[in-house]
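Fold and contact review
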Amino acid sequence: MAKSVRVGLLGLGTVGTGVVSIIQRHQKELQHQVGCPVEVVKVAVRDKTKARNIKLADELITEDIEEVLSDPEVDVIIEVMGGIDATKNYITRALQQKKHVVTANKDLLALHGAELLKVAAENGCDLFYEASVAGGIPILRSLSDGLSADRITKMMGIVNGTTNYILTKMSQEGSSYDDVLKQAQELGFAESDPTSDVEGLDAARKMAILASLGFSTNVSFGDVSVRGISEVTEADLYYCEQLGYTMKLIGLAKRDDGRIEVSVQPTLLPNAHPLASVHNEYNAVYVHGEAVGETMFYGPGAGSLPTATAVVSDLVTVMRNMRLGVNGQSVLVPLHEKVLKEATEIESQYFLRLNVIDKAGTFSTITSLFAEYEVSFEKLLQLPIDGEELAEVIIITHKTSKENYENLYQRLTNVEVVDSVQSSYRVEGGK
Ligand code: NAP
Ligand code: HSE
């Protein structure tokens, strides 16, 4: 074992400063676990002159990434700068130079994870990425270690803190979407461009990573069907509450007979569902395994120290592997070919809100259409709309196939008795 393990850092922003802080403050515990000191020997940033919330000798900081990558002293690269193409190239080169890599980069992993893991294995190096999904929750390690004996059939996650914060504040305090999004940006959960949060892309990247590991297959970002929360209205949230549901942006990964579906969408959960009580910026992942049954993991999904805890814990694993001489041996080649479900195989309940013409015969037309597509009602609420010859109808369906539901939805948008389809969401967690 080396006299010390030397770390090169790419990035010293929110997560990077947390990593340096933990390495500095927890040095004694780290040495106890890995048997030698851990040193940060080089750090690449974009702008050296920027004020930082951390004490680090000036000579360790550089604006030249090559200085970190090519430093023969560096054993492990921690990549916490973000980015895709250039960063993929840096990580690949680091691995080819036999440097182990720890990253928090979900954007990169969701697109090129399988390829990078292959490069790591070929070079006898570790590549760990716990922080890329649900920040401080050790969910990837739980899937690959704690639940490794089981066959995972379903994962449901609240894996984006920004959208959970927005939906919580809109539902519980009646705040407006724009105001709460601004608060989430000020509090530092939202990405610099919050489109990837609110349109579900950030959650979709995390679900691709989770599904790949949980189902031992190669799920990419493009395999995830995505819808964000930007169309969710205060009225939708009001009716959810009236019917006993809570709206969450849910990442769902399901496997039935080897066929999988992965999606991210605003979803109604019965109030008694364990994920319905995960509020504000918190994340949680519900995992169902054939043998273990239901489990749930809860915690902070973002932020400097929670995310850095995941990064430094990966670093500890790398160092333990160095001591045992087994780096690069924990990369698992996916066991299964990816087979995505067809729309006929995806089953769910749905919430549908319609404005209908308030006259005799309207309901008969609507129920005939539901019967034609074999979709049945579980719950139904009709309310007059003041001052208009319209009524608001809210329906929760029984389980039906995605194909039948989408065909029914199309017909409802074109039938004379329906003035407008106001909204439609998936419902999970029912019978
Ligand atoms: P950040 O605060 O924007 O920090 C990025 C850091 O990288 C900065 O120090 C920046 O330098 C440096 N950097 C960026 N481009 C560079 C380049 N071309 N050359 C050299 N340095 C460069 O980002 P962050 O929030 O820490 O996120 C880092 C990574 O962790 C991302 O992949 C993110 O998706 C992931 N992540 C973040 C969180 C979170 O809670 N923030 C949670 C999970 C995962 P300057 O400081 O000089 O600008
Ligand atoms: N923008 C992300 C979120 C940060 O809101 O969850 C953590 O990945």
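Small disclaimer: the values here were computed from a predicted structure and weren't measured.

Within the largest apolar cluster, 75 residues are counted, with the highest numbers of intra-cluster contacts made by I139, L210, L268, V287 and F351. Setting aside residues up to four positions removed in sequence, L210 forms contacts with V133, I139, L140, L143, M155 and V285. Ranked by size, the runner-up nonpolar core spans 35 residues in total, among them L30, I54, I78 and A104.

If you check the shell around ligand 2, you find K106, N160, G161, T162, F189, E191, D197, D202, K206, G301 and A302 and nothing else. One of the backbone nitrogen or oxygen atoms of G161 is found 2.7 Å away from an oxygen atom of ligand 2. One nitrogen or oxygen atom from the side chain of D197 is found 2.8 Å from a nitrogen atom belonging to ligand 2. For ligand 2, whose accessible area on its own is 260 Å², the fraction buried by protein is 91%.

This paragraph deals with the pairing of strand 1 (residues 5–10). Across the 6 residues that make up strand 1, a large majority, 5, are buried. In this sheet, strand 2 (residues 38–44) lies alongside strand 1 in parallel orientation, the contact comprising 6 bridges. Bridge assignment links L9 to a residue of strand 2, and that residue is V43. Where strand 1 and strand 4 (residues 76–79) come together, 4 bridges link them in parallel fashion.

Right, let's talk about helix 7 (residues 161–173) for a bit. Helix length check: helix 7, at 13 residues, gives a terminal C-alpha distance of 17 Å against a target of 18 Å (1.5 Å per residue), a fit within 8%. Of all 13 residues in helix 7, 10 are buried; the element is thus mostly enclosed. Listed in full, the buried residues belonging to helix 7 are G161, T162, T163, N164, Y165, I166, L167, T168, K169 and M170. Buried residues in helix 7 make contact with strand 7 (152–158), helix 8 (177–187), helix 9 (195–198), helix 11 (234–242), strand 9 (245–256) and strand 11 (282–289). G174 occupies a position one or two residues after helix 7 and carries a positive phi of about 65°.

With that settled, consider the packing of aromatic side chains. Within the structure shown, the criterion is met by 7 aromatic pairs. With 6.4 Å between their ring centres and 50° between their planes, Y405 and Y409 make a pair best called tilted. A residue pair is termed a helical-turn pair when its members lie 3 or 4 positions apart in one helix, as Y405 and Y409 do in helix 14 (residues 402–412) at 4 residues. Residue class for Y405 comes out buried when judged on its relative accessible area of 4%.

How each quantity is defined
- Residues numbered from 1 in each chain as written.
- Chains lettered and ligands numbered in written order.
- Predicted model: local features only at pLDDT ≥ 70, side-chain atom pairs only at ≥ 80, totals over all residues.
- Heavy atoms only, no water.
- Core = buried A, V, L, I, M, F, W, Y, C linked by side-chain atoms within 4.5 Å.
- Buried < 20%, exposed > 50% of the residue type's maximum accessible area, 1.4 Å probe, protein only.
- Contact = heavy atoms within 4.5 Å.
- Near = heavy atom within 4 Å.
- Polar contact = N/O pair within 3.5 Å; in protein donor to acceptor, adjacent residues only side chain to side chain.
- Areas by Shrake-Rupley, 256 points an atom, 1.4 Å probe, with all protein chains shown as cover.
- Helix = DSSP H or I, 4+ residues; strand = E, 2+ residues; numbered from the N terminus.
- Pairing = 2+ DSSP bridges.
- Expected span 1.5 Å × (residues − 1).
- Phe/Tyr/Trp six-rings, centres within 6.5 Å; stacked < 30°, edge-to-face > 60°.

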